[in-house]
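# Structural description and commentary
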Amino acid sequence: MTGGIAAGAALSLLPSTAAATTTSARSPLSAGKIRPGDTQYQDLVLRGTNRRFVAKPEYARVIHSTDDAVRAVQEAVRANKRIAVRGGGHCFEDFVDNSDVEVLLDLSQYDEVTFDERYRAFSIGAGATLETVYKALFYGWGVTVPGGGCLGVGVGGHFSGGGYGPLSRQHGSVVDHLYGVEVVVVDARGRARSVVATRDNQYKDLWWAHTGGGGGNFGVITRYLMRTAGATGSDPAKLLPKAPSALLSSILLYDWKTTTQAGFVRTLRNFFDFYERHNTADSPYASLYSPLILTTVKAGNFLLSTQLDASVPDAANLMKAFNAAMMAGVDPAPQVIDTGTGPFLHTTIQRSIAEEVAPSRGKYKAGYLRKGYSAAQLTTIYRHLADPESKAGTESSVLLIPYGGKVNTVPPSATASFQRDVVAKMVLTASWEDPAADADNIAWARNIYRDLYRDTGGVPVPNEVNAGSYINYPDVDLADPEYNTSGVPWHRLYYGDNYPRLQRVKATWDPRNIFRHKLSIEPA
């Protein structure tokens, strides 16, 4: 899943045809079963980035090909073993690192990025990280995908859950560029096989389910086939979005010592007002991306980190006007840091959220917004973040991420990603190191979320402001009536009207419910 943005890391920004069987090269399961006493075991089970959860499977296997995955799944199914699959390791909940998991399939070594002439699409191994993908696509063909800004995230869950990032307002969600998916499925007889499902073959329903249905639901994804919807011809350089040549960027730095409640609320209102006014795909600000990273008062500062395609006409003045709009009525004004113009890939890597050497413990919550929060909600955010007695640490934050634009031009039913009328996402992150602090930090996250959505049962029930939540930021609390008192089921919050169709796909392709977790899709 897409990894959360840690506040400390953020502050470091300061200066057609069908195929029913796999075409992957055959490779043996050379590593065999990696058991608790083996050298590799601890490294494999500790790859998850949320240290609240650590699995202890009977064994792990490192997958190098689709054939590997078929054999590994078949072996586990015959032995009636519970399977979990790890790509990048960024699942926020214990869907992979769960005590029920007996077999862990690690795809991190299956990360090849090539162009598949048969499908006229880019083939991306499901174990690849976003950094691997960005570099391969850009250096090889000058193209990119509108994926996330945490470069250590694996594509396995990121793509299947919808996928978004700095270029999404200009180019849509990642799944708007997903042509096909190769996945290992298990039929009613317990037989494992691989299927290549595309947007135009007889397995289109399985393709559709992977355009936002989330990982761990239908089978083991082994590779993605990427080609922008509507792209024609055979020239790879014209089948995915062309990457910007350069990015213009800046930072607005806010000092908590001088930030009043009025100034904080005005800053957030400015943010939402601007994006509500500039949320069309043809806006000159379509390439603008400016996550507002709201840390706790203990961090000392919070910031707005902005980038814009430098080739957009009058880019410098557009950036200047945006910063002015953000500072309007805010006294004292934040510090403006002009970080200049830099080449696309270098700047993307520089601005990305680095992978932590020592992963922390975390609790994450999220919500889509159709428009900005109310004044009362903005005040709620301020009250929790500015509380000097708060149990939350300096790494905890509320992140507001601009969204929409091109994303909103796709009908909700065209992909499994239902939310197609939004302006922003909110990601709440509680992050800490000490296991003894689990209860305090989880309570902090739950309390601010409950207060933020107090009028809708403690969760972002779809209405004129809310649009549910994002499955790549899973939160098991949404399925718990103690924390979700709205009466609206969790799957409605994540999938909207698309859930019944996802259930039918599940019943067809995973009738034995082999692939499941705490928020997995239930068969129809």
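None of the values given here were measured: they were computed from a predicted structure.

Once that is clear, we can look at the pairing of strand 8 (residues 220–226). Of all seven residues in strand 8, seven are buried; the element is thus mostly enclosed. The sheet contact formed by strand 5 (residues 121–125) and strand 8 spans four bridges and is antiparallel. When the sheet's bridge partners are listed, glycine 125 is paired in strand 8 with arginine 223. Judged from the six bridges that link them, strand 6 (residues 178–186) and strand 8 form a sheet pairing that is antiparallel. Residue pairing for strand 8: valine 184 is matched across the bridge by valine 220.

Packing of helix 4 (residues 130–141) against helix 10 (residues 344–351) leaves a shortest axis separation of 11 Å and a crossing angle of 170 degrees. Taken as axis vectors, helix 4 and helix 10 run roughly antiparallel relative to one another. Residue-level contacts link Glu131, Tyr134, Lys135, Phe138 and Tyr139 of helix 4 to Phe344, Leu345 and Ile349 of helix 10. Residues that form the contact of helix 4 with helix 10 fall into these classes: six nonpolar, no polar and two charged.

Mapped onto the present numbering, the UniProt feature "domain: FAD-binding PCMH-type" (unreviewed entry) falls at residues 52–231. With 23% helix and 24% strand, residues 52–231 has its two end C-alpha atoms placed 43 Å apart.

Taken as a whole and judged by the stated rule, the model has zero disulfides. Lacking any disulfide linkage, cysteine 91 is separated from the closest cysteine sulfur, that of cysteine 150, by 15 Å. Residue class for cysteine 91 comes out buried when judged on its relative accessible area of 13%. On the basis of relative accessibility, which here comes to 8%, the residue cysteine 150 falls in the buried class.

Rules used in this analysis
- Residue positions within a chain follow its written sequence, with the count starting from 1.
- Residues qualify for local features only when their pLDDT is at least 70, as the model is predicted, and side-chain atom pairs are given and counted only at 80 or more; totals for whole chains, interfaces and linings, by contrast, use all residues.
- Water and hydrogen atoms were dropped before computing side-chain values, which therefore reflect all heavy atoms in the structure.
- Throughout this description, buried means an accessible area under 20% of the type-specific maximum (1.4 Å probe, protein chains only), exposed means over 50%, and partly exposed covers the range between.
- Only DSSP runs of H or I reaching four residues or more are called helices, and only runs of E reaching two or more are called strands; each is numbered from the N terminus.
- Following DSSP output, two strands are said to pair if at least two bridges run between them.
- Each axis is a line fitted through C-alpha atoms, and for a helix only the stretch in contact is used; angles between axes span 0 to 180 degrees, taken between their N-to-C directions.
- By the definition adopted for this analysis, an angle is roughly parallel if under 35 degrees, roughly antiparallel if over 145, roughly perpendicular if from 65 to 115, and oblique otherwise.
- Here, two residues are considered to be in contact whenever any of their heavy atoms come within 4.5 Å of each other.
- In this classification, Asp, Glu, Lys and Arg are treated as charged, Ala, Val, Leu, Ile, Met, Phe, Trp, Tyr, Cys and Pro as nonpolar, and every other residue, Gly included, as polar.
- UniProt positions are given in the numbering used here, feature names are shortened, and annotations may be inferred rather than shown by experiment.
- The disulfide criterion is simple: two cysteine sulfur atoms within 2.5 Å.

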